[in-house]
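Given next are the chains, with one letter for each unit.
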Amino acid sequence: MGKIRTSIVSIIFITCVSAHYSYAQNTLFTPLEFEKAYQNKTRSYDGNPGVNYWQNSADFDIEAEIIPEKSLLRGKESIVYFNNSPDTLFYLVIQLYQDMYKKGNKRKKYVIPSDITDGTHISLLKVDKEEFDLNDKDKVSRRDGLLKLKLDKPVLPKTTAQLEMMWDYHIPEKTFIRTARFDSSSFFIAYWFPRLAVYDDVFGWDIYGYDGMHEFNNDYGNFSVKIKVPDDYIVWSNGELKNPDAVYSNDIIQKLSQLGDNTQLSNIIVGSSSANNMASGVTEWVFSATNTKDFAFGVSNHHTWDAIRFQISDGTEKQVNVIYHPDSKEYFEPMPLFLTKCIEFFSDEMPGVNYPYAEYTAFQGLKKGWHNAIEFPAISNYAYHSEDTLNLSMFAHELAHIYFPFYVNINEAQFLWLEEGLTTYLELTIMRDLLGLKKFDRWESSHPLDIYSGRFNDIPPFTSSILYEWGMVTQTAYYRPSYAFIILEDLLGKDLFKDCLKKFIVRWAGKRPIPHDLFYTFNDVTGQNLNWFWKPWFFEFGYPDVAIECVETGVITVRKNGVIPVPVHLKVTYDDDSYEEIYKSAEVWQSGNDLLELNAKKGKKINKVVLNDKFEIPDVNRTNNVYSVGD
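Residues numbered from 1 in each chain as written. Predicted model: local features only at pLDDT ≥ 70, side-chain atom pairs only at ≥ 80, totals over all residues. Heavy atoms only, no water.

Visitor: So what's going on with the packing of helix α7 (residues 388-400) against helix α9 (residues 416-433)? Which residues, and what values?
Guide: Contact pair α7 / α9: the axes reach a minimum separation of 9 Å and the direction vectors enclose 130 degrees. One finds that α7 runs oblique with respect to α9. For the element pair α7 and α9, the recorded crossing hand is right-handed. When α7 is examined against α9, the residues Thr-389, Leu-392, Ser-393, Ala-396, His-397 and Ala-400 are found in contact with a partner set consisting of Glu-420, Thr-423, Thr-424, Leu-426, Glu-427, Ile-430 and Met-431. Of the residues contributing to the contact of α7 with α9, the split by class is 6 nonpolar, 5 polar and 2 charged. (Axes fitted to C-alpha atoms, helices over the stretch in contact; angles between N-to-C directions. Helix = DSSP H or I, 4+ residues; strand = E, 2+ residues; numbered from the N terminus. Parallel < 35°, antiparallel > 145°, perpendicular 65-115°, else oblique. Left-handed = near helix turned anticlockwise from the far one by under 90°. Contact = heavy atoms within 4.5 Å. Nonpolar A, V, L, I, M, F, W, Y, C, P; charged D, E, K, R; others polar.)

So, in structure tokens, the structure goes:
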């Protein structure tokens, strides 16, 4: 009887501890969609994928042809869609990205009138060999970049659906929204092929079509892609080239084979000489890419190609390619070596996870004044900054995106702040630790959070980014979350923060995390309930503002006027002109008390106190941060 009673008590104790842990975690606001995922055990409250976690995927076999003189892309594809969910799918949703340019379609980016078209022209669509009539309104609806197909034969759980499509579209010539014709004979092709929308364990079908502003939300897939171009063009992509001997000249093949001999930069092609380096008459380029979110590529017959091959610390070989117009040489020529240092830093220092792809390609396919750059798996499309520091930060930022949202598949449409916040944190970290820079030229006088926090358009990052407008994006998706991570790193210490972030990456590599998976991973790894930090920074309206409340007999009282917790740094100057610095991390506000008392040196008379004059600590009102005798 005693043993039975002991067992019952143990069970009750374990149950109570488990319930308490869940309750503590759930003190963060949790949308009902997230709650359902926890109930279904596809997510767990310790930040790990749940025992019932699943995600869908697709295999793509695509053939495409670019006709430069018409700015036209023709394609056909077969898709095998894997329904790994426990649900029966009675309809399918297809993303038609090029419908963003369709006349009358809803969009949030300006399109130059000459680039407004009929969108994606579909000449064939079959699902499991059943051909769909796109004019059949009972079975087909097309709106805002989405094509919804009602199925006669539903896709059962753990089965597949096979789709066949033929399509074409006009490549934008003057509107540079992530993809376009850069000039008469160079293109960057992205957001280009029809694909199944995401169906996941949290939201079900993704019902948000591409509007030009919000980025994509894709499942992982395997790609086999054949691209036909005129025979004096070269194609660079995020896939592995399968037929180099058929499309490269002997000169190019020799230069590429010699890349590994040292870590020096090599000029594979210089400007218009690319036409002379092509194998005559061969126009089809064959690529493959496995378990990746997307496929994008650049095409040109006159861009310069610089490359470098090197090994990261574990001996794995990596290659960096930088492709640019000869007129932009001064802005792109330093980038292969810089990107090499970035890959080494990301692999060894922060986040300390090996760069996951064999190559990284930076392609100049954007005009200044539109997007500065846009990321894809293992390849990015760039313009350039004329200011060196901003140019370096931009290249580092796009490279950092390889981790978020590609290696870790973050939903960019709903959780833009999560992937951009983490990426901007990595960008700021590499600028700080690798280059020794704490601020950019345009921020010399104030912290970006000083400028944007507390404004009418400053909304909590946790708000669905589908609702963001342009006036909100910079602060809500970039500045506020990235500096939250900077301040959390200071609070936890760099090593512990790195352990948390690395654990999050390892847990969710190749999977689809939600924000709470990050929050709960940090709570789990640190053994702390950090919800007191997560709430004000990510869930609540507010701004950072601390002030000197009073100075009395060697005791300095600091008041937290704002909602957002930040560190406290005091420079205390005494009447003998000596001074001391007192520093406390944002942890001092964990208790919820808005007043903090700090002791100065005993026996010293305070002459002046300055609060948070360090750039990296944001404060929207610095007028109350100085105390001087006689004021």
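Read on, since the account is not over.
Visitor: Which residues make up the layout of surface pockets, and what are the values?
Guide: By volume, the second largest pocket is sized at about 700 Å³. Taken together, 28 residues make up the lining of the second largest pocket; nearest its centre are Gly-239, Glu-240, Leu-241, Ala-358 and Glu-359. Of the residues forming the lining of the second largest pocket, the biggest block, 6 residues, is contributed by strand β18 (residues 284-292). (1 Å grid on protein atoms, 1.4 Å probe; cavity = no way out; pocket = protein on both sides within 12 Å on 5 of 7 lines; lining within 4 Å. Points joined across faces, edges and corners; volume = space filled by probe spheres on them.)

Visitor: Could you give me a rundown of the sheet that holds strand β2 (residues 72-83), with the residues and numbers involved?
Guide: In any sheet, the strands associate via hydrogen bonds between backbone groups, in a parallel or an antiparallel arrangement. One open sheet holds the 8 strands; their spatial order is β5-β4-β8-β2-β1-β14-β18-β16, and the pairing between them is mixed. Where the open sheet ends on each side, the last strands, each with one partner, are β5 (130-131) and β16 (240-241). Two strands pair when backbone bridges link them, and strand β14 (residues 221-228) and β18 are joined in this way by 7 bridges, in the antiparallel orientation. Bridged to Gly-221 within β18 is Thr-292. (Pairing = 2+ DSSP bridges.)

Visitor: Please give an account of the environment of Val-572 that cites residues and values.
Guide: Among the structural elements, Val-572 can be located in strand β27 (residues 568-574). Linking Val-572 and Leu-596, residues 24 residues apart in sequence, is a C-alpha distance of 16 Å. Ignoring sequence-local partners within four residues, the contact set of Val-572 consists of Ile-556, Ser-578, Tyr-579, Glu-580, Ile-582, Ile-606, Lys-608 and Val-609.

Visitor: Before we move on, can you summarise the pairing of strand β4 (residues 121-127) with the specific residues and values?
Guide: Across 6 bridges, β4 lies against strand β8 (residues 159-170) in antiparallel orientation. Counterpart to Leu-124 in the pairing with β8 is Met-166. In the sheet, β4 pairs with β5 via 2 bridges, with the strands oriented antiparallel. Of the residues in β5, the one forming a bridge with Lys-126 is Glu-131. Counting the residues between successive antiparallel strands, the hairpin from β4 to β5 contains 2 residues, one of them, Asp-128, with a positive phi of roughly 50 degrees.

Visitor: Mind laying out empty space enclosed by the protein, listing which residues take part and the relevant values?
Guide: Considering all chains together, one arrives at 3 cavities of 30 Å³ or more under this definition. What the largest cavity holds in volume is close to 60 Å³. If you trace the largest cavity, you find it lined by Arg-43, Asp-200, Asp-201, Val-202, Phe-203, Asn-409, Asn-411, Phe-415, Arg-512, Pro-513 and Ile-514. For the lining of the largest cavity, the class distribution of residues is 5 nonpolar, 2 polar and 4 charged. Considering only enclosed or pocket space, the second largest cavity measures out at about 50 Å³ in volume. Lining the second largest cavity are Ser-57, Ala-58, Phe-60, Tyr-81, Arg-195, Leu-196, Ala-197, Asp-219 and Tyr-220. Only β1 (57-67) and β11 (195-196) provide two or more residues apiece to the lining of the second largest cavity. No other element matches the 3 residues that β1 contributes to the lining of the second largest cavity. Of the residues assigned to the lining of the second largest cavity, the class counts are 6 nonpolar, 1 polar and 2 charged.

Visitor: Before we move on, can you summarise unusual backbone geometry with the specific residues and values?
Guide: In this structure, Pro-351 follows Met-350 across a cis peptide bond, with omega equal to 10 degrees. The topology assignment puts Pro-351 in the loop between α6 (335-348) and β22 (359-364). At the junction of Phe-404 and Pro-405, the peptide bond is cis and its omega measures out at 25 degrees in the coordinates. Notably, Arg-178 is not glycine yet its phi reads approximately 75 degrees, a positive angle. Inspection of the secondary structure puts Arg-178 in the loop between β8 and β9 (180-183).

Visitor: Lay out the sheet that holds strand β6 (residues 140-143) with the relevant residues and their values.
Guide: Taken in spatial order, the 4 strands line up as β6-β7-β3-β11 in an open sheet, and their pairing is antiparallel. Among the strands making up the open sheet, the edge pair consists of β6 and β11.

Visitor: Quick rundown of the pairing of β18? Include the residues and the values.
Guide: Inspection of the sheet shows β16 paired to β18 by 2 bridges, in the antiparallel sense. By the bridge assignment, Glu-240 is partnered in β18 with Ser-288.

Visitor: So, the environment of Ala-289: which residues are in play, and what are the values?
Guide: By the element assignment, Ala-289 lies in strand β18. Spatially, the C-alpha atom of Ala-289 lies 5.0 Å from that of Phe-223, the residues being 66 residues apart in sequence. Those residues in contact with Ala-289 that sit more than four places away from it in its chain are Gly-221, Asn-222, Phe-223, Asn-238, Gly-239 and Phe-295.

Visitor: Kindly report on helix α11 (residues 470-492), identifying the contributing residues and their values.
Guide: For α11, spanning 23 residues, the distance from its first C-alpha to its last is 33 Å, which sits close to the expected 33 Å at 1.5 Å a residue. At Tyr-479, α11 shows its largest bend, some 25 degrees, and a proline, Pro-481, comes one to four positions later. With its phi angle positive at about 95 degrees, Gly-493 sits one or two positions after the end of α11. (Expected span 1.5 Å × (residues − 1). Bend = angle between axes of the 7 residues up to and from the residue.)

Visitor: Run through the packing of aromatic side chains, naming residues and quoting values.
Guide: Each aromatic ring pair is summarised here by two numbers: the centre-to-centre distance and the angle between the ring planes. The full count for this structure, using the stated rule, is 60 aromatic pairs. Here the aromatic rings of Phe-60 and Phe-193 are separated by 5.4 Å at their centres, their planes lie at 70 degrees, and the arrangement is edge-to-face. With Phe-60 in strand β1 and Phe-193 in the loop between β10 (186-189) and β11, the pair connects residues that are 133 residues apart, well separated along the chain. In this structure, Phe-60 and Phe-193 share a single accessibility class: buried. Ring centres 5.7 Å apart and planes at 90 degrees place the aromatic pair Trp-236 and Trp-305 in the edge-to-face group. Of this pair, Trp-236 sits in strand β15 (residues 234-237) while Trp-305 sits in strand β20 (residues 304-311), and the two are 69 residues apart along the sequence. For Trp-305, a relative accessible area of 2% corresponds to the buried category. Above the face of the Phe-132 ring, Lys-139 is positioned so that its terminal group lies 5.1 Å from the ring centre. Its end group placed over the ring of Tyr-91, Lys-148 keeps NZ or CZ at 4.1 Å from the ring centre. (Phe/Tyr/Trp six-rings, centres within 6.5 Å; stacked < 30°, edge-to-face > 60°. Buried < 20%, exposed > 50% of the residue type's maximum accessible area, 1.4 Å probe, protein only. Lys NZ or Arg CZ within 6 Å of the ring centre and 35° of its normal.)

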